[in-house]
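Structural description and commentary
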Amino acid sequence: MELSPKVEFLGLSFDVPVMIGTVFTAIVVLLLTVLATRNPKMRPGGLQNLVEMLLDFVRGILNISFDSKTAEKYLGFALTLFLFIFIANQLGVMLMVTTEVHHPIPSLGITGDDLEESHAAVWFKSPTADLNVTVVMAVAISLFAHFMGIFRDAKGYFSHYMQPNPLMFPIHLVDEIAKPTTHALRLWANIFAGEVLITIMITYGNPLTTGAPLLVWLGYSLFVGTIQAYVFTVLASVYIAQKTVQDH
Amino acid sequence: MTTIAAALMIAFAAIAGGIGNSVVFSKYLEGIARQPEARGTLFGQMFIGIGLVEAVPIISVAFGILVLLGVFGG
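Remember, it's a predicted structure, so these values are computed and weren't measured experimentally.

1. Some remarks on the side chain of Gln48 of chain A
Residues and elements named next belong to chain A. You can see Gln48 is positioned in helix α2 (residues 47-65). Under the relative-accessibility criterion, Gln48 is labelled buried at 11%. In contact with Gln48, not counting residues within four places along its chain, are Ala36, Asn39, Pro40 and Lys41.

Okay, here's the thing in structure tokens:
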């Protein structure tokens with residue numbers, strides 16, 4: 001496998017390709033939305049058309065679990081989430097930035113032992129192929145849902161754990177822990193497995209044997225990236241709706 | 001030993017994913033055979049279902065790869 005540069009800060013180890021990937025994805029999302037909405041026209045064309053389609057698509061996702069008035073409140077959040085994950089997934093498939101390393105660089109965490117394994121250092125990775133990024137997103141959504149539930153109706157929120165009887169409390173607790181865990185693992189595992197397979201086919205394969213499977217897998221990765229961005233956004237809105245919508 | 005462990009994880013994930021996806025897809029086909037006009041709605045719902053079902057095997061595959069790379073279980 002390629003080496004991935006790391007920096008130590010306050011005793012924590014930060015993965016450089018993931019940080020570059022996160023910032024790059026955020027810039028792409030920002031440019032896309034800002035450029036599309038700077039000069040809105042009554043008859044949309046080009047980029048504005050695309051973003052309006054995306055907006056309607058995300059509105060459709062939110063309408064699954066919210067009424068249309070509440071859906072408008074979460075529209076910005078859900079659109080940001082969807083665009084970030086979608087673009088991050090696709091960039092990971094399309095971009096591969098590697099450089100050659102021949103000397104140990106201690107400040108980037110590349111030691112002599114690592115260099116015996118590989119000489120390629122990777123500088124861009126899909127942020128969603130890193131477990132830390134997806135766990136942060138899933139836990140933040142889960143915490144947001146819980147806080148919204150408590151603010152909205154604290155009594156109803158806590159009594160929900162005792163429904164239909166107090167014996168169910170442990171099961172509710174496991175459910176609340178399992179939700180963010182699977183939410184994060186689902187996105188990460190799909191993108192990570194895809195990227196590792198692409199890397200293996202490029203590194204160890206040759207065009208005759210792995211060329212055709214690589215092409216098929218690249219196409220399938222684009223599809224998986226879209227589906228997972230969709231599923232992540234749907235589940236985020238469902239988890240928030242479970243805690244905030246009263247009549248269920 | 002780690003190689004065998006990783007191979008087993010990925011192989012069982014493939015079996016489980018195949019069975020799970022086939023159940024979702026066959027129910028979708030049954031649904032549109034019974035009610036062809038529901039195709040549009042069922043299509044989106046099916047892909048959510050496949051995305052959810054696919055998750056558990058793919059988590060196993062990802063951990064299998066991590067075992068193979070020696071991240072843990074060495």
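2. Description of the UniProt feature "domain: V-ATPase proteolipid subunit C-like" (unreviewed entry) in chain B
As recorded in UniProt, the feature "domain: V-ATPase proteolipid subunit C-like" (unreviewed entry) lies at residues 4-66 of chain B. The straight-line gap between the two end C-alpha atoms of residues 4-66 of chain B is 13 Å; of that span, 94% is helix and 0% is strand.

3. Considerations on empty space enclosed by the protein
Under the criterion given, the structure shown has three cavities of 30 Å³ or more. Here the largest cavity defines a volume of roughly 140 Å³. Only α3 (68-94), α7 (169-204) and α8 (207-244) of chain A together with α2 (39-68) of chain B provide two or more residues apiece to the lining of the largest cavity. Here the residues of the lining of the largest cavity sort into seven nonpolar, six polar and two charged. Of the volumes computed, that of the second largest cavity is approximately 100 Å³. Lining the second largest cavity are Ala138, Ile141, Ser142, Ala145, His146, Glu176, Lys179, Pro180, His183, Tyr239, Gln242 and Lys243 of chain A. At the level of elements, α5 (131-152), α7 and α8 of chain A are the ones that each hand at least two residues to the lining of the second largest cavity. The element contributing the most residues to the lining of the second largest cavity is α5 of chain A, with five residues. For the lining of the second largest cavity, the per-class residue count stands at five nonpolar, four polar and three charged.

4. Quick word on the pairing of strand β1 (residues 6-9) of chain A
Residues and elements named next belong to chain A. Bridge analysis of β1 against strand β2 (residues 12-15) gives four bridges, and the strand direction is antiparallel. Paired with Glu8 across the bridge in β2 is Ser13. The hairpin formed by β1 and β2 contains two residues between the paired strands, and Leu10 there has a positive phi angle of roughly 55°.

5. Topic: the UniProt feature "transmembrane region" (unreviewed entry) in chain A
Listed under "transmembrane region" (unreviewed entry) in the UniProt record, and renumbered for this structure, are residues 16-36, 74-97, 131-151, 187-205 and 217-241 of chain A. In residues 131-151 of chain A, helix accounts for 100% and strand for 0%; the two terminal C-alpha atoms are 30 Å from one another.

6. Some points on the pattern of salt bridges
Residues and elements named next belong to chain A. Enumeration according to the criterion identifies six salt bridges over all chains in this entry. Asp56 is paired through a salt bridge with Arg59; the nearest N and O atoms lie 3.1 Å apart. In this pair, Asp56 and Arg59 are both assigned in helix α2, three residues apart and thus about one turn of the helix distant. Judged by its relative accessible area of 48%, Asp56 falls in the partly exposed class. Taking relative accessible area as the criterion, Arg59 reaches 26% and is therefore assigned partly exposed. Residues Lys243 and Glu176 are paired through a salt bridge, measuring 3.0 Å at the closest nitrogen-oxygen approach.

7. What about the nonpolar core?
Counting 36 residues, the largest nonpolar core has Leu62, Phe66, Leu81, Leu83, Ile85, Met137 and Phe232 of chain A as its most contacted members. Those elements giving two or more residues to this core turn out to be α1 (16-37), α2, α3, α5, α7 and α8 of chain A. Examining the composition of this core, we find that 12 residues originate from one element, α3 of chain A, more than from any other. For Leu83 of chain A, the residues in contact, after removing those within four places along its chain, are Val29, Leu32, Thr33 and Leu54 of chain A. Residues Phe192 and Val196 of chain A together with Ile58 and Leu66 of chain B belong to the second largest nonpolar core, which totals 13 residues.

8. Topic: the layout of surface pockets
Roughly 340 Å³ of volume is contained in the second largest pocket. Lining the second largest pocket are 20 residues, and of these Ala193 and Leu197 of chain A together with Ile10, Val61 and Ile65 of chain B sit closest to its centre. Where the lining of the second largest pocket is concerned, the elements lending two or more residues are α7 and α8 of chain A together with α1 (2-34) and α2 of chain B. Here the lining of the second largest pocket takes six residues from α2 of chain B, the largest share from any one element. Counted by class, the lining of the second largest pocket contains 17 nonpolar, two polar and one charged residues.

9. Examining a nonpolar patch on the surface
All names here are of chain A. Where nonpolar side chains cluster on the molecular surface, the patch consists of Leu131, Val135, Val139, Leu143, Phe147, Ile150, Phe151 and Phe158 and spans about 740 Å² of accessible area. Looking at the nonpolar patch element by element, the count peaks at seven residues for α5. Tracing the backbone through its elements, the reader meets Val135 in helix α5. Its relative accessible area of 35% is what places Val135 among the partly exposed residues.

10. Looking at the environment of Glu37 of chain B
Tracing the backbone shows Glu37 of chain B in the loop between α1 and α2. Sequence-wise, Glu37 of chain B and Phe47 of chain B are 10 residues apart; in three dimensions their C-alpha atoms are separated by 18 Å.

Rules of the game
- Residues numbered from 1 in each chain as written.
- Chains lettered and ligands numbered in written order.
- Predicted model: local features only at pLDDT ≥ 70, side-chain atom pairs only at ≥ 80, totals over all residues.
- Heavy atoms only, no water.
- Helix = DSSP H or I, 4+ residues; strand = E, 2+ residues; numbered from the N terminus.
- Buried < 20%, exposed > 50% of the residue type's maximum accessible area, 1.4 Å probe, protein only.
- Contact = heavy atoms within 4.5 Å.
- UniProt positions renumbered as here; feature names shortened; annotations may be inferred.
- 1 Å grid on protein atoms, 1.4 Å probe; cavity = no way out; pocket = protein on both sides within 12 Å on 5 of 7 lines; lining within 4 Å.
- Points joined across faces, edges and corners; volume = space filled by probe spheres on them.
- Nonpolar A, V, L, I, M, F, W, Y, C, P; charged D, E, K, R; others polar.
- Pairing = 2+ DSSP bridges.
- Salt bridge = Lys/Arg side-chain N within 4 Å of Asp/Glu carboxyl O.
- Core = buried A, V, L, I, M, F, W, Y, C linked by side-chain atoms within 4.5 Å.
- Patch = residues over 30% accessible without salt bridge, like charges linked within 9 Å, V, L, I, M, F, W, Y side chains within 5 Å.
- Areas by Shrake-Rupley, 256 points an atom, 1.4 Å probe, with all protein chains shown as cover.

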